[in-house]
Amino acid sequence: MASEGEYESILLVKPDVNVYRIPPRASNRGHRAADWKLDTPDWSGRMRITARGKVAFIKLEDKVSGELFAQAPINEYPGIAVETVSDSSRYFVLRIQDDNGRSAFIGVGFGDRGDAFDFNVALQDHFKWVKTEDEISKNALIPDTGPKLDLGFKEGQTITLNIGQGKKRDKPRPQSAGGFGLLPPPPGGKIAPPPSSNHNTTPPTGETQTDCLLDLDSSNSNTVVQSNPSSSDLWGDFSTPASAVPQTTPAPQGPSSGSWVQF
């Protein structure tokens, strides 16, 4: 049983639960909810599951005033204090006790299957914790006969720690916005400056322009412009003598001009 100095913790609260009077069990087949008057419950209220130490308590209380209607102490689960019925998962049989130690069996039921599931889980978790605490207590009483692991330094034993002398890691090269690394410049080379965008040239002086005009004038004066004959006169008449064709007489060019024969 729980001692007086232990605190009480709340494991579960369900606001709607129904209580039924159940007939005596006629055989060993178990209780059946179909034998109860499910349409007319004998009492309705809320259920609280609390724990004090290793003992759990199922308390049936009034919804408004919180007055205790019945209480069922649970020392183990599953056990005789809480039994399931054979034909439904929403109904259970509780063994309630009063302060004088008298006990009776009543039926309780939930309107929702989820509430019945939470009821089961709350009791299972509590008694799993009780089982774990018992195992820890038993292991603490058993003396440790195995060899102990000695992690201490022996006499004269030393260790050396190298702190701050690790290898330096190469710093990553910065990358451009496109994700490609910048190539380094060629060794010993010089980068030529970009060509100037200014294509303006120095205008020529007036003296140079005058010389160009004079050269063009002199070349035009030495050029003889001949009119092109028509296409009919291009070949000429083969019967026409060569003397009829006008020819340009070359200018005399010194002593060597006599060597040319005029046809």
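Let me sum up the structure you'll find in this document.

Criteria and thresholds
- Here the residue numbers are simple positions, counted from 1 along each chain's written sequence.
- pLDDT decides what is reported in this predicted model: residues at 70 or higher carry local features, side-chain atom pairs at 80 or more are listed and counted, and totals for whole chains, interfaces and linings draw on all residues regardless.
- Side-chain numbers come from the whole structure's heavy atoms, not from hydrogens or water.
- Two strands make a pair as long as DSSP finds a minimum of two bridges between them.
- Working definition: helices are DSSP H or I runs of at least four residues, strands are E runs of at least two. Numbering for both runs from the N terminus.
- What we call a nonpolar core is a set of buried Ala, Val, Leu, Ile, Met, Phe, Trp, Tyr and Cys residues that are connected through their side-chain atoms within 4.5 Å.
- Between buried and exposed lies partly exposed: a residue is buried under 20% and exposed over 50% of the maximum accessible area for its type, with that area taken using a 1.4 Å probe on protein chains only.
- Note on definitions: a residue-residue contact is assigned when non-hydrogen atoms from the two residues lie within 4.5 Å.
- The working definition used for a salt bridge is a side-chain nitrogen of Lys or Arg within 4 Å of a carboxyl oxygen of Asp or Glu.
- Each axis is a line fitted through C-alpha atoms, taken for helices only over the stretch in contact, and angles between the N-to-C directions span 0 to 180 degrees.

1. Comments concerning the pairing of strand β7 (residues 103–109)
Along any regular strand the residues' side chains alternate between the sheet's two faces. Where strand β1 (residues 8–20) and β7 come together, three bridges link them in antiparallel fashion. The residue of β7 that forms the bridge with N18 is G109. Once strand β6 (residues 91–97) ends, the chain turns through five residues before running back antiparallel as β7, passing G101 with a positive phi of about 90 degrees.

2. Focus: the nonpolar core
Among the nonpolar cores identified, the biggest contains 27 residues, and I58, L60, V82 and F119 are the most heavily contacted of them. Among the elements of the structure, β1, β2 (43–52), β3 (55–61), β4 (68–74), β6, β7 and α1 (113–141) are those that each provide at least two residues to this core. When near neighbours in sequence (up to four residues on either side) are disregarded, L60 contacts V17, V19, W43, R46, M47, E67, L68, F69, A70, I106 and V108. Ranked by size, the runner-up nonpolar core spans seven residues in total, among them I22, A33, W36 and V93.

3. Thoughts on the pattern of salt bridges
Going through the model one piece at a time under the given rule, you end up with 10 salt bridges. The salt bridge partner of R32 is D35, with a shortest N-O separation of 3.2 Å. A salt bridge links E61 to R48, with the nearest nitrogen and oxygen atoms 2.8 Å apart. Taken together, the residues E61 in strand β3 and R48 in strand β2 connect sequence positions 13 residues apart. Exposure class is identical for E61 and R48. Each is buried.

4. What about the sheet that holds β7?
Strand order in the open sheet formed by seven strands is β4-β3-β2-β1-β7-β6-β5, and the pairing between neighbours is antiparallel. Since the sheet does not close on itself, it has two edges, and those belong to β4 and β5 (82–84), each with one partner. For this sheet, the mean inter-axis angle between neighbouring strands, taken without regard to orientation, is 30 degrees. One ladder, built from seven bridges, connects β6 with β7; its direction is antiparallel. Paired with Q97 across the strands is S103, a residue of β7. In the packing of α1 onto the sheet, contacts are made with β1, β2, β3, β4, β5 and β6, and the angle to β1 comes to roughly 145 degrees.

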